[in-house]
Amino acid sequence: MARSQVHAIAGALGLIGSGVAITVLGQYLVSWFEKKPLRILVTGAAGQIGYAIAPMIASGRMLGVDQPVILHLLDIEPAKNALEGVEMELIDAAYPLLKGIHTFTDVEAAAKDVDIAVMVGGYPRKVGEERKDVMAKNVSIYRSQASALAKNASKDVKVVVVANPANT
């Protein structure tokens with residue numbers, strides 16, 4: 001909210017001349033108009049795509065520059081240190097829209113109360129593997145993630161899935 005708008009409201013309420021009143025009123029109005037943070041799950045968050053997309057979400061490029069977010073970053077146990085590195089980089093960047101970051105290696109916990117799931121983590125295609133082999137491995141991964149979302153996410157959760165071989 002612009003200072004002039006706060007000043008106009010303060011004037012209408014008879015608070016002109018009281019800097020403290022304007023400051024308090026301004027803080028109240030900003031918190032009143034601020035949107036509720038959305039919880040965004042990013043699977044494969046320590047991978048190349050997850051690492052690239054998390055800052056975009058935190059900066060407002062996915063949902064807009066007025067939508068606060070809380071990130072739920074999920075990856076497999078062997079990627080836990082890299083996942084914590086992603087978390088530290090996001091904290092260091094001090095994105096104003098980023099109201100919280102939680103890292104997980106357990107899909108059930110990661111899915112708790114999420115509003116949006118961006119599922120980019122999956123089994124990577126290796127030399128000599130057929131597309132159907134990769135699909136079979138990723139189906140089991142996404143089946144467990146879908147189950148966790150069904151049990152734990154917001155009832156209106158929105159989900160996007162991009163994984164091998166879809167992104168090849």
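Placed above this text is the structure.
Right, let's walk through the structure included here.

For Gln145, the location among the structural elements is in helix α6 (residues 131-152). For Gln145, the contacting residues outside a window of four places in its chain are Thr43, Leu74, Val107 and Met119.

Turning next to the pattern of salt bridges. Charged atoms that come close allow side chains of opposite charge to pair. Enumeration over the complete set of coordinates arrives at 4 salt bridges. A salt bridge links Lys112 to Asp113; its shortest N-O distance comes to 3.8 Å.

For the rest of this paragraph, the subject is the sheet that holds strand β4 (residues 116-119). Pairing is parallel in the open sheet, where 5 strands are placed in the order β3-β2-β1-β4-β5. Edge positions in the sheet fall to β3 (98-104) and β5 (158-161), since each has one partner strand and no second. Looking at each pair of strands side by side, their axes are set apart by 15° on average, direction ignored. Together, β2 (69-74) and β3 form the strand contacts of helix α4 (residues 80-93), whose direction differs from that of β3 by roughly 170°. Helix-sheet contacts for α6 involve β1 (38-43), β2, β4 and β5, and the interaxial angle to β4 is about 175°.

What follows covers the environment of Ala79. Looking at where Ala79 falls in the secondary structure, it is placed in the loop between β2 and α4. Sequence separation of Ala79 and Ala46 is 33 residues, and the distance between their C-alpha atoms is 6.5 Å.

One finds Ile40, Val42, Ile57, Leu71, Leu73, Leu90 and Leu98 to be the most contacted residues of the largest nonpolar core, which totals 17 residues. Excluding its chain neighbours within four sequence positions, the residues that come into contact with Val42 are Gly50, Ile53, Ile57, His72, Leu73, Leu74, Val118 and Val120. Formed by 14 residues, the second largest nonpolar core is a distinct cluster that contains Val107, Met119, Leu149 and Ala153.

Relative to the assigned elements, Thr43 resides in strand β1. Look at Thr43 and you get buried, because its relative accessible area is 2%. Here Thr43 is in contact with Leu74, Val118, Met119, Val120, Gly121 and Gln145, once residues within four sequence places are set aside.

Time to look at the packing of helix α3 (residues 48-58) against α4. Contact geometry of α3 with α4 gives a least axis separation of 11 Å together with a crossing angle of 30°. Relative to α4, the element α3 lies roughly parallel. Remark: the crossing between α3 and α4 carries right-handed chirality. Across from Tyr51, Ala54, Pro55 and Ala58 in α3, the residues of α4 making contact are Val86, Glu89 and Leu90. Among the residues making up the contact of α3 with α4, the classes are represented as 6 nonpolar, no polar and 1 charged.

Burial in α3 covers these residues: Gly50, Ala54, Ile57 and Ala58. Here the buried residues of α3 occupy an arc of 90° about the axis, which is enough to place them on one side. Check the buried side of α3 and you find it contacts β1, β2, α4 and β3. Directly after α3, the chain includes Gly60, whose backbone phi takes a positive value near 95°.

Take unusual backbone geometry next. Positive phi, close to 55°, is recorded for Ala94, a residue that is not glycine. In this fold, Ala94 is placed in the loop between α4 and β3. Judged by its relative accessible area of 57%, Ala94 is exposed. Of note, Asp113 is a non-glycine position whose phi angle comes to about 65°, a positive value. Among the structural elements, Asp113 can be located in the loop between α5 (107-110) and β4. Given the relative accessible area of 40%, Asp113 is considered partly exposed.

Thresholds applied
Residues numbered from 1 in each chain as written. Predicted model: local features only at pLDDT ≥ 70, side-chain atom pairs only at ≥ 80, totals over all residues. Heavy atoms only, no water. Helix = DSSP H or I, 4+ residues; strand = E, 2+ residues; numbered from the N terminus. Contact = heavy atoms within 4.5 Å. Salt bridge = Lys/Arg side-chain N within 4 Å of Asp/Glu carboxyl O. Pairing = 2+ DSSP bridges. Axes fitted to C-alpha atoms, helices over the stretch in contact; angles between N-to-C directions. Core = buried A, V, L, I, M, F, W, Y, C linked by side-chain atoms within 4.5 Å. Buried < 20%, exposed > 50% of the residue type's maximum accessible area, 1.4 Å probe, protein only. Parallel < 35°, antiparallel > 145°, perpendicular 65-115°, else oblique. Left-handed = near helix turned anticlockwise from the far one by under 90°. Nonpolar A, V, L, I, M, F, W, Y, C, P; charged D, E, K, R; others polar. Arc of directions from axis to C-beta.

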